[in-house]
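# Remarks on the overall topology
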Amino acid sequence: MSAWTLCIDFGTAFSKAAAAPSDLRFDPANVRPLQLNPQPSGNPFLLDSAVFVDDARILFGRSALDRASSMAGRKRVALQSFKTLLSAADLERALDIKAPLSIDPHRAFCMRDLIVLYLAYLLAAIERARAADACIPARINLRYAAPAWQGGDSDALHAVVAGLFGEAEALRMRLGDALLADEGIDLALAATALPRAADEARPRAMGLIHEAAAAAAYTSIGLDESGSHLIVVDMGAGTTDMAVLMRADHQMHELADARVTFNQAGDFLDRLIADRALKSASWAKSTAQKTALWGDLMRAMPDLKAAMFAEGRASRRYERRLINVSLRDIERDQDFKAFLKELQAAYAHCVAVARGDALLRENASIEAVAVGGGAGAPFIQELISGATKRGPRVTPRPATPGWAHSEVFGGNLAPVFPQLAIAIGGALAPDNMLAAGGAA
Amino acid sequence: MPAKKKSVKRTNASAMGKKGAARKRAAPKASLANALAEAAWADADKALAEALIELDEFENARNEKAREAALTLLAQALAQTARKRGLTRIGMLGAQEAFDPQRHEPPPRAKSAKSVRIAARGVARGAEVLARARTEAPRRRSPR
Ligand SMILES: Nc1ncnc2c1ncn2[C@@H]1O[C@H](COP(=O)(O)OP(=O)(O)O)[C@@H](O)[C@H]1O
Ligand SMILES: [Mg+2]
């Protein structure tokens, strides 16, 4: 049996994972996104990155979010977007900070504990999904994708993250499948298991691949020729990241001075759209009416946003009234305008950096690709396909590659591909694209 | 769904014994395709249900405003259904294109067509054309 690689994309909103054989010729049939989410509601390939500390239990994933929203009145929230913690300047210290009261009213856990708990849950979900797919062997090289933080030291970050995964693995061995129960795990049990797992833990042998490199891997796979330079724009839920990669001697290098991260992405657009819709609903006067409408809009948001991106407008029926929001309305918003302007400036800088480097090399050609759930946003697509003034042209690449339409997926991988792109690319990338760590 | 997963597992376990490798692998490959399809269909079904309800709203609308609202939501729900199934549209409404029998139905009453105008967009999934675009003979003067 050939060696396989599994890549975890631990996103701010969703965790994803995919596996692929490392040494076979590329075949779409061997690309295996993992079904991490067994619940009938929600996409089976997306696991909500969330932890909720309840009165006597700890809940994960969708159950955590559902429980949190049922207790919203009590000022209790689920821990989400904890991935952004990894960008902290002093990561070890940030991990030791106690979780805020709104997240952990017991004051029992620090951020490290909650992240380790979530990772144990994620590893358990991965193991269940892997075992259900007989194509994927039990022994598998493990990788995770992370953004390359500005000025960050990949080796230092990797040492911390491999440590966290090591503890999570030890915790998973202790708690077993109980981690996957809808009702979560017993809080006291978790509190006693955590320090024991920390004692037993050994750092997990795994590789770190930068998210942009993973995007480059899927973009070029199966092609005879691909550009020497690739600009990657990744709009997820919590952040929008841009990076420029350069290919030389079958290796990818990042041109670090192009890299930039914005804290505005899908969540930011959600708020803008809901806000705009609320403003147009002049009949919603009381706070109660507004809160109820806001909640309804947020629940419908994935569909509204998809309609908005595809058709330029979205409508919602609410208590026999019609609410309309158009992309034009959003584009007129001051916050959006400011964001777009920064985005354009950052992208222009990426193009300039790529061009500057391309001029130094023979046969250089520049490509651009958008990944992440927001890849289809018209303003993102306009950005990467925008006419450029001088120098080598920038060729836009599709967010969903041709092979994702392969018959083996029955036409159903393509619609979710942009969100799975990093996990899939991370699994397909050769070892020499790793930023730290390596095969087990 | 859990029941289905279990049965897939059992098949694999029994196939592990001596059956050929090709057989062993066929089931899980199909199961990934099934899972993808189930997920896409579940979402598509919801959108389709929404479309059916709006169709009723459209047919029972008491005034033009209600009718328009229902039509807007019906169109949105149908487009959503299509997206969830990975369907894309072929061509742009009203655009004039070189006639391509793979993608265009020939315009009615035209003996031979070199160039056509898209009257209703076709539908594709990936490279596969599910329904060709309906066309008209191009307008004499500049279109639109
Ligand atoms: N088809 C779509 N149209 C518009 N937005 C989408 C679509 N699919 C997902 N999203 C949005 O993408 C974001 C999640 O993207 P993802 O790349 O998974 O984020 P992260 O990696 O940060 O977890 C969410 O804001 C979600 O609403
Ligand atoms: Mg992401």
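The model shown is predicted, which means the values in this text are computed figures rather than measured ones. (Residues numbered from 1 in each chain as written. Chains lettered and ligands numbered in written order. Predicted model: local features only at pLDDT ≥ 70, side-chain atom pairs only at ≥ 80, totals over all residues. Heavy atoms only, no water.)

## With respect to the overall build of chain A
Across its full length, chain A holds 12 helices and 19 strands. Here the C-alpha coordinates of chain A stretch approximately 65 × 60 × 45 Å along the principal axes. Looking at the 440 residues of chain A, the share that counts as buried comes to 57%. Contacts in chain A between residues at least 24 apart in sequence constitute 67% of all its contacts with a sequence separation of at least 6. Only carbon and sulfur atoms are counted for the fraction: they give 50% of the accessible area of chain A, which is about 18900 Å². (Helix = DSSP H or I, 4+ residues; strand = E, 2+ residues; numbered from the N terminus. Buried < 20%, exposed > 50% of the residue type's maximum accessible area, 1.4 Å probe, protein only. Contact = heavy atoms within 4.5 Å. Areas by Shrake-Rupley, 256 points an atom, 1.4 Å probe, with all protein chains shown as cover.)

## Some points on the pairing of strand β3 (residues 115-120) of chain B
Residue and element names in this part refer to chain B. In this sheet, β3 lies alongside strand β2 (residues 96-98) in antiparallel orientation, the contact comprising three bridges. When the sheet's bridge partners are listed, E97 is paired in β3 with V116. In this sheet, strand β6 (residues 134-136) lies alongside β3 in antiparallel orientation, the contact comprising three bridges. Across the sheet, R117 pairs through a bridge with E136, a residue of β6. (Pairing = 2+ DSSP bridges.)

## Quick notes on the packing of helix α6 (residues 211-220) of chain A against helix α12 (residues 417-428) of chain A
Residues and elements named next belong to chain A. With their axes 7 Å apart at the nearest point, α6 and α12 run at an angle of 95° to one another. Taken together, the axes of α6 and α12 lie roughly perpendicular to each other. The residues of α12 that touch α6, namely those facing E211, A214, A215, A217 and Y218, are F417, A421, I422, G425 and G426. (Axes fitted to C-alpha atoms, helices over the stretch in contact; angles between N-to-C directions. Parallel < 35°, antiparallel > 145°, perpendicular 65-115°, else oblique.)

## So, the site of ligand 1
Residue and element names in this part refer to chain A. Neighbouring ligand 1 are 16 residues; T12, A13, K16, G373 and Q419 lie closest to it. F14 places a main-chain nitrogen or oxygen 3.0 Å from an oxygen atom of ligand 1. Side-chain polar atom of K16 to an oxygen atom of ligand 1: 2.8 Å apart, as the coordinates give it. Coverage of ligand 1 by the protein amounts to 80% of the 580 Å² it exposes when considered alone. Put simply, the parts of the chain that give the shell around ligand 1 at least two residues each are β2 (14-21) and α8 (287-311). Ranked by the residues each element gives to the shell around ligand 1, the list is headed by α8, at three residues. Of the residues contributing to the shell around ligand 1, the split by class is five nonpolar, nine polar and two charged. Both domains that furnish three or more residues to the shell around ligand 1 are identified here as domain 1 (4-208) and domain 2 (223-400). (Near = heavy atom within 4 Å. Polar contact = N/O pair within 3.5 Å; in protein donor to acceptor, adjacent residues only side chain to side chain. Nonpolar A, V, L, I, M, F, W, Y, C, P; charged D, E, K, R; others polar. Domains from an automatic or database assignment.)

## Considerations on the pattern of salt bridges
Residue and element names in this part refer to chain A. Evaluated as defined, the whole model comprises 27 salt bridges over all chains. Here D275 makes a salt bridge to K279, at a shortest N to O gap of 3.1 Å. With D275 and K279 both in helix α7 (residues 266-280) and four residues apart, the pair spans about one turn of that helix. Salt-bridge contacts for D329 lead to R332; the nearest nitrogen and oxygen are separated by 3.3 Å. Judged by relative accessible area, D329 falls into the buried class, the value being 18%. A single salt-bridge network, built from bridges that share partners, covers D48, R62 and D66. (Salt bridge = Lys/Arg side-chain N within 4 Å of Asp/Glu carboxyl O.)

## Here we look at the sheet that holds β6 of chain B
Residues and elements named next belong to chain B. One open sheet accounts for three strands, arranged β2-β3-β6; its pairing is antiparallel. Bordering the open sheet on either side are β2 and β6, each of which pairs with just one other strand. Direction aside, neighbouring strands of the sheet carry axes that sit 55° apart on average.

## Regarding the sheet that holds strand β5 (residues 50-53) of chain A
Residues and elements named next belong to chain A. Read across the sheet, four strands follow the order β7-β5-β6-β9 without closing on themselves; strand pairing throughout is antiparallel. The strands lining the two open edges of the sheet, one partner per strand, are β7 (79-80) and β9 (185-186). Bridge count for β5 against β7 is two bridges, and the pairing is antiparallel. Bridge pairing in β7 links V51 to L79.

## Focus on the domain arrangement of chain A
Residues and elements named next belong to chain A. Split by domain assignment, chain A resolves into domain 1 (4-208) and domain 2 (223-400). Put simply, the middle of domain 1 and the middle of domain 2, counted by C-alpha atoms, are 26 Å apart. Counting from both sides, the interface comprises eight residues of domain 1 and, opposite them, seven residues of domain 2. At the boundary of domain 1 with domain 2, total buried surface from both sides reaches about 530 Å², with 48% on carbon and sulfur atoms. Along the contact surface separating domain 1 from domain 2 lie one residue pair in polar contact (both at pLDDT 80 or more). The residue inventory of the side of domain 1 that touches domain 2, partitioned by class, reads four nonpolar, four polar and no charged. (Buried area = accessible area lost by both parts, 1.4 Å probe.)

## So, the nonpolar core
Soluble, globular proteins show a tendency: their nonpolar side chains are buried together. Residues and elements named next belong to chain A. With 65 residues, the main nonpolar core has I8, L117 and Y118 as its most contacted residues. Here the element with the most residues in this core is helix α3 (residues 111-132); it accounts for 15 residues. For L117, the residues in contact, after removing those within four places along its chain, are I58, F60, F109, L171, I185, A190 and L194. By size, the runner-up hydrophobic cluster in this structure holds 55 residues, among which are L255, A284, A314 and A368. (Core = buried A, V, L, I, M, F, W, Y, C linked by side-chain atoms within 4.5 Å.)

## Remarks on the interface of chain B and chain A
Tallying the contact residues gives 29 residues for chain B and 35 residues for chain A. On the chain B side of the contact with chain A, L32, L36 and R83 of chain B bury the most area, a combined 22% of that side's loss. Inspection of the chain B/chain A interface yields three salt bridges. Taking the shortest distance from any N to any O, the salt bridge between E57 of chain B and R320 of chain A comes out at 2.8 Å. Between chain B and chain A we count six residue pairs in polar contact (both at pLDDT 80 or more) in total. If you list the elements that add at least two residues to the side of chain B that touches chain A, you get α1 (2-16), α2 (21-59) and α3 (64-84) of chain B.

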